[in-house]
Amino acid sequence: MYNQVIILFFLFFISCNNDLSKSKGDFNEVIIVSSIEDKEIIEPILNDYLFDDFLYTPEPERIYKPTWIDPSGFDYYKEFGNILIISLNDPADKTIDSLFYYMDNNVNKYPSTINDLYSKPQKITLIKSINKKNLKDDLNKTADIIKENINSNIDILFNKRFYSETFDNNHYIDSIAKNVSKLPLKFDSDFKIINYDKTNNYLWIGKGSITYDNSASYQWVVIKETPLRDIKGNLDLYKIFNDNIKEVDSNINLINDYNQLDISQTDTLILFHQKMLYNHNLYKTGGPVSAFLLQNYNSNSSLIIYTLVNAPGKSKLKLIKELESIIKNSIF
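Throughout this description, residue numbers start from 1 for each chain and increase along the sequence as written. Owing to the predicted nature of the model, reporting of local features is limited to residues with pLDDT of at least 70; listing and counting of side-chain atom pairs is limited to 80 or more, with chain, interface and lining totals taken over all residues. Note: side-chain values were computed over all heavy atoms of the structure, leaving out hydrogens and water.

(A) The overall build of the protein, seen in detail. Secondary structure assignment for the protein yields 8 helices and 16 strands. Throughout, a contact is declared for two residues whenever any of their heavy atoms are within 4.5 Å. Summarising the internal contacts of the protein: among those between residues at least 6 apart in sequence, 62% fall at separations of at least 24. All accessible-area figures derive from a Shrake-Rupley calculation using a 1.4 Å probe, and residue coverage is judged against the displayed protein chains alone. For the protein, the accessible area works out to roughly 16600 Å², and carbon and sulfur atoms hold 48% of it. The helix count covers DSSP runs of H or I at least four residues long, the strand count covers runs of E at least two residues long, and both are numbered beginning at the N terminus.

What follows is the structure, encoded as structure tokens:
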């Protein structure tokens with residue numbers, strides 16, 4: 001069995017398959033290939049450094065779905081979208097250490113990434129460290145890079161599956177959204193217009209049901225122009241988001257307790273993306289909200305986009321990811 005495992009991995013890394021299948025697994029699933037000996041040491045460290053992100057809904061929901069396997073089970077999982085192959089030199093073991101023996105001639109620095117080897121889109125990340133302490137030191141320097149690679153592939157996986165051949169486009173709402181935002185936003189046919197103010201240039205759309213109790217289940221998107229302004233810090237950004245959403249619906253209150261902020265930019269654009277919670281005082285509902293502020297220095301204008309989800313008793317990750325995907329895919 002030991003020789004079979006080595007041959008399997010050796011062929012895995014030197015093969016080239018041009019006829020790639022579609023990636024398998026859930027969009028946020030991460031397959032972790034490790035020896036049994038290494039896993040006992042590695043798992044709590046990865047949980048602290050890589051898999052510590054949560055969606056607060058307000059109950060915490062894990063962003064990633066880690067699935068641990070040993071090398072003998074790799075053949076079944078080789079077409080999954082996100083794979084980590086990780087090894088420690090100490091303790092020594094026959095399976096993973098032998099794999100990295102073959103890789104040392106080709107990899108000069110870890111972490112190393114292989115794209116679209118067995119399926120597409122696919123990202124395989126190789127991590128190798130000497131021992132427990134060395135792994136912690138390495139992840140202190142590289143965890144953000146590894147997470148960024150995994151997250152970008154998660155976005156790609158979700159986009160490809162969401163915008164599949166069965167996607168039923170809502171051309172009417174898309175055209176209005178483009179007039180308001182100047183972005184090529186693509187919404188599915190289930191979305192309806194809740195409010196559209198052409199004079200003040202904002203659009204509020206949604207799908208799902210609204211009730212005056214805690215059983216409401218819905219997804220909302222609000223698009224609104226706002227003056228271009230300097231962002232001086234996290235609290236300043238939150239105030240902009242909270243003030244503007246109240247101009248649309250005074251019953252919505254943003255909660256900044258669990259905020260998470262990402263910033264992306266090009267030569268002419270800056271996108272602030274802040275994840276928060278919200279309460280709707282009239283409907284007695286709430287949940288996660290992703291708020292985007294797009295600063296366009298070419299047109300000297302700003303655009304705010306809110307994506308809100310309420311789904312009592314259900315996972316919110318896929319629902320909020322759907323809305324985030326629509327926004328991000330239209331900008332970059």
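(B) Molecular detail of the pairing of strand E6 (residues 82-88). Partly exposed describes any residue whose relative accessible area lies between the buried limit of under 20% and the exposed limit of over 50%, with all areas from a 1.4 Å probe on protein chains only and scaled to the type maximum. Of all 7 residues in E6, 7 are buried, a share of seventy percent or more. Here E6 shows no split at all, with Asn82, Leu84, Ile86 and Leu88 on one side and Ile83, Ile85 and Ser87 on the other all buried. In the sheet, strand E2 (residues 29-33) pairs with E6 via 4 bridges, with the strands oriented parallel. Paired with isoleucine 31 across the strands is isoleucine 83, a residue of E6. A strand pair is defined by DSSP finding two or more bridges across the two strands.

(C) Expanded view of the side chain of glutamine 122. Locating glutamine 122 in the fold gives a position in the loop between strand E8 (119-120) and strand E9 (123-129). By relative accessible area, glutamine 122 is classed as buried at 1%. Any pair of nitrogen or oxygen atoms within 3.5 Å is treated as a polar contact; in protein, a donor-acceptor pairing is required on top of that, and neighbouring residues in sequence qualify only through side-chain atoms on both sides. Among the polar contacts listed, one links the side chain of glutamine 122 to the backbone nitrogen of leucine 117, at a separation of 3.2 Å. Within polar-contact distance, the side chain of glutamine 122 engages the backbone nitrogen of tyrosine 118 at 2.8 Å. The residues touching glutamine 122, leaving out its near neighbours within four places in the chain, are Ser23, Lys78, Glu79, Phe80, Gly81, Ile83, Ile114, Asn115, Asp116, Leu117 and Asn153.

(D) Structural detail: helix H6 (residues 171-181). Taken together, the buried positions of H6 are occupied by Ile173, Asp174, Ile176, Ala177, Val180 and Ser181. Buried residues in H6, looked at end-on, bunch into an arc of 165°, giving them a common side. The exposed set on the far side of H6, more than 90 degrees from its buried face, consists of His171 and Tyr172. In this structure, the buried residues of H6 make contact with strand E10 (192-197), strand E11 (202-209), strand E12 (217-226) and strand E16 (301-310). Once H6 ends, the next one or two residues include lysine 182, with phi positive near 65°. In this description, one arc is meant: the one made by directions from the helix axis to the C-beta atoms.

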